[in-house]
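# Inside the fold
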Amino acid sequence: MHNPGNRRPVVLVTGAAGFIGSHVNEALLRAGCAVVGVDNFRTGRRENLRSALEAPDFTLREADVAEPGVLAAIAAEVRPAAIVHLAALVSVQESVADPDLNFRLNVQATHLVAEAARASGVARIVFASSAAVYGEGAGEPLRESDLRTPPISPYGAAKLASESLLLGHGASYGITIRCHRFFNVYGPRQDPRSPYSGVISLFAREFSAGRPVTIYGDGEQTRDFVSVHDVARAVVLAATRPGLASGAANICTGRPISVNRLAAIFGSLVPGASAPRREPARPGDIRHSVGDPSRAAADLGFGAEWAVEKGLGELAGTRAA
Ligand code: UD1
């Protein structure tokens, strides 16, 4: 890196300018790592990197990790202790509309990450997997072994395939692989621009603009909403904690929260908020999704610390500022 006397462990973060990546950079820097962030700005945003770019131990590489050879060249140069692979096609809807692109960005790119790690002797890979690996009715709460029913989208299939590719590489070439199955992540910098953006990002935008939010169906459907601050902390643990074995773990709170409850909390935080509008349930919407957090607790010593009330309070404060 730019500082040859620097003995901080170097962590390479793909998708560094994304919503989750930008928080991961900052958490790694706070933990004493040097970070090389890679992003092609397809969906990542430069303003997400404003704070990281002020740190002397952060370097940005504008590059496409889905292009063969690109990440291998960066890894050969910076010799990271770990790679955190977050770069992805992040929209489930887009994976349905363009499964070929999903394969390239969510499967092939993972293989290129695994190969870059092998060639440069990288000891560890932390991979952004998803609760989308679980099929319908797989379990309540969902445990890591609940894989009897197949994923219901190309996105979920690609994440599950990527976990397998990485674990196979890890076992063959002595790389520790940590697959994090993120549940419904929310927090500052989440992009609310698509109608399929996360419900909390949409609610935060509508409440702050004084407009009514839309609740699809009866609003009693539940999700496991996990703050991006907790997610970033889990990634730092997986990238830096000594002696970890390979495996997959849910990154979740274990607490189901309904859409009605989200609207009620926002309503209590924003004075004079409009009442929600009701629309029919979205086709294909799942009723309940909650994860079992015990494996991440056992493997990583990780437990979510942000209750959703606190997380929505942060967003209401952020938006009002
Ligand atoms: C997630 C994915 C979605 C995918 C689905 C199935 C994200 C952000 N979304 O959806 O792309 O299709 O898994 O794998 O990862 N809702 C409202 N009002 C709104 C927005 C949403 O009531 O304005 C409801 C939805 O109908 C849903 C719940 O809120 O019941 C959560 O929605 P969302 O944030 O999109 O997450 P998932 O449904 O888990």
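Everything quoted here is computed from the prediction, not taken from an experiment. (Residues numbered from 1 in each chain as written. Predicted model: local features only at pLDDT ≥ 70, side-chain atom pairs only at ≥ 80, totals over all residues. Heavy atoms only, no water.)

As for its position among the elements, Asn25 is in helix 1 (residues 19-30). Judged by relative accessible area, Asn25 falls into the buried class, the value being 0%. At 3.0 Å, the side chain of Asn25 and the backbone oxygen of Ala16 are in polar contact. If we skip the residues at most four places from it in the chain, Asn25 touches Val13, Ala16, Val35, Leu49, Ala52 and Phe58. (Helix = DSSP H or I, 4+ residues; strand = E, 2+ residues; numbered from the N terminus. Buried < 20%, exposed > 50% of the residue type's maximum accessible area, 1.4 Å probe, protein only. Polar contact = N/O pair within 3.5 Å; in protein donor to acceptor, adjacent residues only side chain to side chain. Contact = heavy atoms within 4.5 Å.)

Moving on to the state of the cysteines. Going through the model one piece at a time under the given rule, you end up with zero disulfides. Cys179 provides the cysteine sulfur closest to Cys33, a residue in no disulfide bond, and the two sulfurs are 20 Å apart. Classification of Cys33 by relative accessible area gives buried; the value is 1%. With no disulfide of its own, Cys252 has Cys179 as its nearest cysteine by sulfur position, at a separation of 15 Å. (Disulfide = S-S within 2.5 Å.)

To continue, consider the packing of aromatic side chains. A full pass over the atoms with the stated rule returns two aromatic pairs. Considering the side-chain rings of Tyr134 and Phe183, the 6.3 Å spacing of their centres and the 40 degrees angle between planes classify their relative orientation as tilted. Of this pair, Tyr134 sits in the loop between strand 5 (124-130) and helix 5 (154-173) while Phe183 sits in the loop between strand 6 (176-182) and strand 7 (184-186), and the two are 49 residues apart along the sequence. Residue classification places Phe183 among the buried positions, given a relative accessible area of 5%. With a centroid separation of 5.2 Å and an interplanar angle of 25 degrees, the aromatic rings of Phe207 and Phe266 are classed as stacked. A residue pair is termed long-range when its members are at least 10 positions apart, and Phe207 in helix 6 (residues 199-208) and Phe266 in helix 8 (residues 259-269) qualify at 59 residues. Like Phe266, Phe207 is buried. Over the face of the ring belonging to Tyr173 we find Arg118, whose NZ or CZ atom lies 4.7 Å from the ring centre. (Phe/Tyr/Trp six-rings, centres within 6.5 Å; stacked < 30°, edge-to-face > 60°. Lys NZ or Arg CZ within 6 Å of the ring centre and 35° of its normal.)

This next bit is on the domain arrangement of the protein chain. Looking at the protein chain, the domain boundaries give domain 1 (10-185 + 227-253 + 290-300) and domain 2 (187-223 + 255-289 + 308-320). The C-alpha-based centres of domain 1 and domain 2 are spaced at 26 Å. Each partner contributes to the interface: domain 1 provides 18 residues, whereas domain 2 provides 14 residues. Surface buried jointly by domain 1 and domain 2 totals about 1500 Å² across both partners, of which 48% is contributed by carbon and sulfur atoms. On the surface where domain 1 and domain 2 come into contact, there are one salt bridge. For Glu26, the salt bridge goes to Arg189, with nearest N and O atoms at 2.9 Å. Between domain 1 and domain 2 we count six residue pairs in polar contact (both at pLDDT 80 or more) in total. No other element matches helix 1, which puts four residues into the side of domain 1 that touches domain 2. (Domains from an automatic or database assignment. Buried area = accessible area lost by both parts, 1.4 Å probe. Salt bridge = Lys/Arg side-chain N within 4 Å of Asp/Glu carboxyl O.)

Our focus in this paragraph is the nonpolar core. Membership of the largest hydrophobic core comes to 38 residues, with the highest contact counts inside it found for Val13, Ile20, Val24, Leu28, Val84 and Phe182. No other element matches helix 7 (residues 228-240), which puts eight residues into this core. Val84 has contacts with Val11, Leu12, Val13, Thr14, Val24, Val126, Val235 and Ala239, leaving out every residue within four places of it along the chain. Ile74, Leu89, Val122 and Cys179 belong to the second-largest nonpolar core, a separate cluster that totals 30 residues. (Core = buried A, V, L, I, M, F, W, Y, C linked by side-chain atoms within 4.5 Å.)

Turning our eyes to something else, we now look at helix 7. Along its 13 residues, helix 7 runs 18 Å from first to last C-alpha, staying within 8% of the 18 Å computed at 1.5 Å per residue. Residues Val228, Asp230, Val231, Ala232, Ala234, Val235, Val236, Ala238 and Ala239 constitute the buried set of helix 7. Put simply, Ser227 is the residue that caps the front of helix 7, since its side-chain oxygen is 3.0 Å from the backbone nitrogen of His229. (Expected span 1.5 Å × (residues − 1).)

Glancing now at the sheet that holds strand 3 (residues 58-62). Overall, parallel pairing links the seven strands, which are arranged 3-2-1-4-5-6-11 in an open sheet. Whereas interior strands pair on both sides, the edge strands pair on one side only; in this sheet they are strand 3 and strand 11 (247-251). Here the strands of the sheet are splayed against their neighbours by 20 degrees on average, with no regard to which way each runs. Each of strand 1 (10-14), strand 2 (34-39) and strand 3 touches helix 2 (residues 70-78); the most contacted strand, strand 1, lies at about 165 degrees to it. Across the sheet, helix 4 (residues 99-120) touches strand 4 (82-85) and strand 5, and the angle it forms with strand 4 is around 175 degrees. (Pairing = 2+ DSSP bridges. Axes fitted to C-alpha atoms, helices over the stretch in contact; angles between N-to-C directions.)

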